[in-house]
Amino acid sequence: MRNNHNKKECGPKGKRLITFTAAINEALIECMEKDPGVFVMGLGAPDPKGVFGTTLGLQKRFGTGRVFDMPISENAMTGVAIGAAISGMRPVMAHQRADFVLMAMDQIVNSAAKWHYMYGGQASVPLTIRTVVGRGWGQGPQHSQNFQALFAQVPGLKVVAPTTPCEAKGLLTASIEENNPVIFVEHRWLSNQMGDVPEGYYSMPLGKANVMRKGSDITVVASMDMALEAMVVADGLLSSGISVEVVNLRTVKPLDAETILGSVAKTGRLVVMDSSWYEFGVSAEIAAVVAEKGFDSLKAKVRRLGLPSVPTPTSPALAGHYYPSEADICLAIGDVLGVRLNPRKLGFKDVVGDVPDEYFKGPF
Amino acid sequence: MRTGNNKRLAFYLEMLRIRVIEEELVRYYAEQEMRCPVHFCIGQEAVPVGVCQALGGADTIMSNHRSHGHYLARGGDLRRMVAELYGRETGCASGKGGSMHLIDRSVNFLGATSIVADTIPIAVGVAFANKLRRRKSVSVVFFGDGATEEGLFYESLNFAALHRLPVFFVCENNLYSVYSPLNVRQPASRNIYKVARSLGVESSRVNGNDVEAVNRASASALRGIRRGRGPYLLEAMTYRYLEHCGPNCDIELGYRAKEELEQWKKADPVAAYERKLIRESVISKDYALKARNRIIKEVGEAVRYAKSSAYPEADRLMMDVYAQ
Ligand SMILES: Cc1ncc(C[n+]2csc(CCOP(=O)(O)OP(=O)(O)O)c2C)c(N)n1
Ligand SMILES: [Mg+2]
């Protein structure tokens with residue numbers, strides 16, 4: 001499977017708009033068609049809702065042997081997946097919340113991540129673990145956590161975090177092709193985002209970030225929901241003559257330091273946005289890499305934005321202050337640029353809603 | 001042993017109260033102002049009522065995501081529960097928890113969490129502390145059939161049996177986990193209560209829609225636990241009417257048969273009991289109607305209380321992370 005690369009970049013050429021959810025579904029179908037070793041399991045994988053729509057139709061197409069529900073036994077089932085993986089299969093596990101994956105932390109960290117290394121490279125674990133990060137509508141302390149940094153710290157794991165539907169498909173394919181365990185992070189607020197997605201089988205390289213928007217004054221590094229927020233603010237700042245470059249991570253680990261450093265070398269300024277807690281987070285790592293390897297290009301202090309170090313509160317009144325707002329991003333950019341910006345005047349919202357779009361009806 | 005009429009009346013009123021509160025909250029949920037996931041327990045009321053009516057004041061309770069019935073049957077404060085669902089500062093968890101994280105320490109409802117099976121070992125720990133401190137208190141934990149698939153279930157029962165801990169495991173077997181029936185999760189020959197036995201925990205199975213049967217089984221289990229016989233597991237067979245999470249009926253999704261739902265509704269824990277009490281002249285139709293209206297009013301007041309309560313101030317966000 002690995003030798004058969006057909007790498008595609010997402011571009012404006014195609015004209016096929018589909019949702020992030022549909023893109024994930026397509027990636028699963030293409031991979032299962034291509035490699036009989038790929039199978040899909042997860043709580044509710046074949047149920048009528050199909051893990052937020054991503055696994056719909058799979059069982060009908062590929063049978064109950066390759067697409068199946070599982071007992072609520074995350075840790076054991078991860079071990080089962082590891083066993084299958086070292087026996088030549090390519091399991092894909094789906095978890096409706098990243099929070100539930102904590103149950104499987106032992107198998108992921110102690111077994112999957114180390115298998116290749118601790119046996120001197122004799123066997124590997126090609127396992128993809130899809131984890132959905134919740135947000136909004138009172139998801140609260142145990143249904144909204146993003147453990148990207150926790151996973152990224154473990155040697156042997158790769159962590160992937162797509163933003164656009166095109167990335168979702170290409171990166172999920174790459175994750176399934178990958179001969180190592182991959183934590184594939186899907187942000188719930190991206191589910192209904194539409195984007196241009198190539199037809200057919202393709203994969204995008206892991207470990208490559210993407211300049212989502214070119215700019216010259218300041219670099220904003222972000223991923224997933226935060227990348228979209230950064231784009232909104234970048235757009236809004238154009239009228240003030242501020243040119244923001246947005247680097248979309250795509251992969252958290254391995255981190256594409258080259259692209260980030262390249263961008264900072266150009267702009268000299270950096271704001272890092274974190275889709276999780278920023279203390280000890282992915283944004284901390286990025287800031288450290290730039291401080292170590294890109295110090296000479298920095299013209300100003302680096303700023304981080306992300307979740308404060310508190311559990312997610314359930315009340316919408318508190319959650320509204322928990323996630324960074326457009327205004328927060330604007331102010332951070334102004335701070336690093338040394339200019340005073342008025343987010344209100346620029347039309348930036350200073351409160352964060354608790355639903356991804358106005359059509360949303362609770363509960364999730 | 002026949003259950004006395006005072007007790008039967010209490011069973012009925014408690015079950016009716018939970019039913020009507022849930023039905024009213026379903027109605028209010030449509031306003032989109034309770035902005036958190038809500039797992040209603042309509043159809044399952046006899047289990048919490050039968051169990052809680054057998055408890056003493058010093059006994060403690062823990063629960064899972066579907067916790068309203070457990071909280072209310074234990075006497076948890078309704079206004080503070082509803083305020084919690086509305087995310088207000090007057091909520092039982094100050095708005096920080098929502099429907100899946102109810103707590104009312106004043107009635108020894110120690111907490112509910114949303115991670116399946118997570119409170120099972122915690123309740124065992126409560127029992128462990130009670131034993132060490134020689135407190136005469138039984139630790140009760142409610143969980144679903146799905147929770148018995150987690151390793152935590154086996155590990156917790158093992159430890160409870162090993163140390164003969166005063167803990168009462170109540171498994172509400174409603175045949176489903178979300179849209180997944182038992183047969184895609186457990187072998188057909190499985191009896192959850194028998195698994196408990198093989199782990200060294202005494203157990204039985206009961207019709208979870210028969211409040212008197214649940215109460216009798218609980219009372220007898222609790223007697224044994226209090227005498228130092230160690231933990232007990234009660235498997236109560238019951239059924240959820242609404243969708244797993246949210247206010248709607250989801251029968252059109254097709255993961256369960258319409259006939260199955262109809263069948264269970266015929267054995268509705270509240271309606272069947274009401275008919276029985278009317279038949280046996282314990283209550284009148286008029287009494288039932290008045291009771292229902294009284295509860296509707298009570299919920300209305302609780303909702304008004306919630307809606308007129310303030311949202312937590314922004315500075316509450318950073319508070320409570322660490323104890324002082
Ligand atoms: C560890 C974990 N895995 C998955 C979930 C998602 N989930 C929430 S409730 C639920 C169903 C639990 O079924 P059961 O224990 O039978 O309780 P019921 O909902 O039927 O009352 C699932 C799978 C979760 N909350 N925690
Ligand atoms: Mg169940």
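Residues numbered from 1 in each chain as written. Chains lettered and ligands numbered in written order. Predicted model: local features only at pLDDT ≥ 70, side-chain atom pairs only at ≥ 80, totals over all residues. Heavy atoms only, no water.

Engineer: Describe the overall build of chain B, and please don't skip the residues or the numbers.
Structural biologist: When its secondary structure is counted, chain B shows eleven helices and eight strands. A compact globule built from 324 residues should have a C-alpha radius of gyration of about 20 Å, and chain B, at 19 Å, falls within 12% of that. Its C-alpha atoms put chain B at 55 × 50 × 40 Å along the principal axes. Across the 324 residues that make up chain B, the buried fraction comes to 59%. In chain B, the proportion of contacts linking residues at least 24 apart, taken out of those at least 6 apart, comes to 74%. As presented, chain B carries roughly 13,500 Å² of accessible surface, and 51% of it is formed by carbon and sulfur atoms. Here chain B carries 46 positive and 37 negative side-chain charges, and the mean point of each set is 8 Å from the other. (Helix = DSSP H or I, 4+ residues; strand = E, 2+ residues; numbered from the N terminus. Rg over C-alpha atoms; globule rule 2.2 N^0.38 Å. Buried < 20%, exposed > 50% of the residue type's maximum accessible area, 1.4 Å probe, protein only. Contact = heavy atoms within 4.5 Å. Areas by Shrake-Rupley, 256 points an atom, 1.4 Å probe, with all protein chains shown as cover. Lys, Arg positive; Asp, Glu negative; His and termini not counted. Charge placed at Lys NZ, Arg CZ, Asp CG, Glu CD.)

Engineer: Explain the coordination of the magnesium ion (ligand 2) to me, and be specific about the residues and the numbers.
Structural biologist: Residues and elements named next belong to chain B. Coordination of the magnesium ion (ligand 2) by the protein involves Asp-145 (OD), Asn-174 (OD1) and Tyr-176 (O), with metal-donor separations of 2.1 Å. Sequence spacing of the donor residues for the magnesium ion (ligand 2), all on one chain, is D-x28-N-x1-Y. A residue pair is termed long-range when its members are at least 10 positions apart, and Asp-145 in the loop between strand E3 (139–144) and helix H6 (151–162) and Tyr-176 in strand E5 (residues 176–177) qualify at 31 residues. With respect to class, Asp-145 is no different from Tyr-176; both count as buried. (Donors = N, O, S within 2.8 Å, 3.2 Å for Na, K, Ca; no water.)

Engineer: How would you sum up the site of ligand 1? Please name residues and give values.
Structural biologist: Glu-74 of chain A together with His-65, Arg-66, Ser-114 and Gly-146 of chain B are the nearest of the 20 residues found near ligand 1. Bordering ligand 1 are residues originating from chains A and B. Separating a nitrogen atom of ligand 1 from a backbone N or O atom of Val-116 of chain B is a distance of 3.1 Å. Within the backbone of Tyr-176 of chain B, an N or O atom sits 2.9 Å from an oxygen atom of ligand 1. For the shell around ligand 1, the per-class residue count stands at nine nonpolar, seven polar and four charged. (Near = heavy atom within 4 Å. Polar contact = N/O pair within 3.5 Å; in protein donor to acceptor, adjacent residues only side chain to side chain. Nonpolar A, V, L, I, M, F, W, Y, C, P; charged D, E, K, R; others polar.)

Engineer: Describe the nonpolar core, with residues and values.
Structural biologist: Core analysis: the biggest nonpolar cluster contains 78 residues, and Leu-28, Ile-108, Phe-151, Ile-183, Val-221 and Ile-260 of chain A have the highest contact counts within it. Per element, the largest residue contribution to this core is eight residues, and it comes from helix H1 (residues 20–34) of chain A. Residue contributions to this core reach at least three from each of two domains, namely domain 1 (19–196) and domain 2 (210–337) of chain A. Ala-46, Leu-78, Phe-109 and Val-138 of chain B belong to the second largest nonpolar core, which has 77 residues in total. (Core = buried A, V, L, I, M, F, W, Y, C linked by side-chain atoms within 4.5 Å. Domains from an automatic or database assignment.)

Engineer: Describe the packing of helix H11 (residues 257–267) of chain A against helix H12 (residues 282–293) of chain A, with residues and values.
Structural biologist: All names here are of chain A. Their axes nearest at 10 Å, the elements H11 and H12 cross at an angle of 65°. In this structure, H11 meets H12 at a crossing whose hand is right-handed. Judged by residue contacts, Ala-257, Ile-260, Leu-261 and Val-264 of H11 engage Ile-286, Val-289, Val-290 and Lys-293 from H12. (Axes fitted to C-alpha atoms, helices over the stretch in contact; angles between N-to-C directions. Left-handed = near helix turned anticlockwise from the far one by under 90°.)

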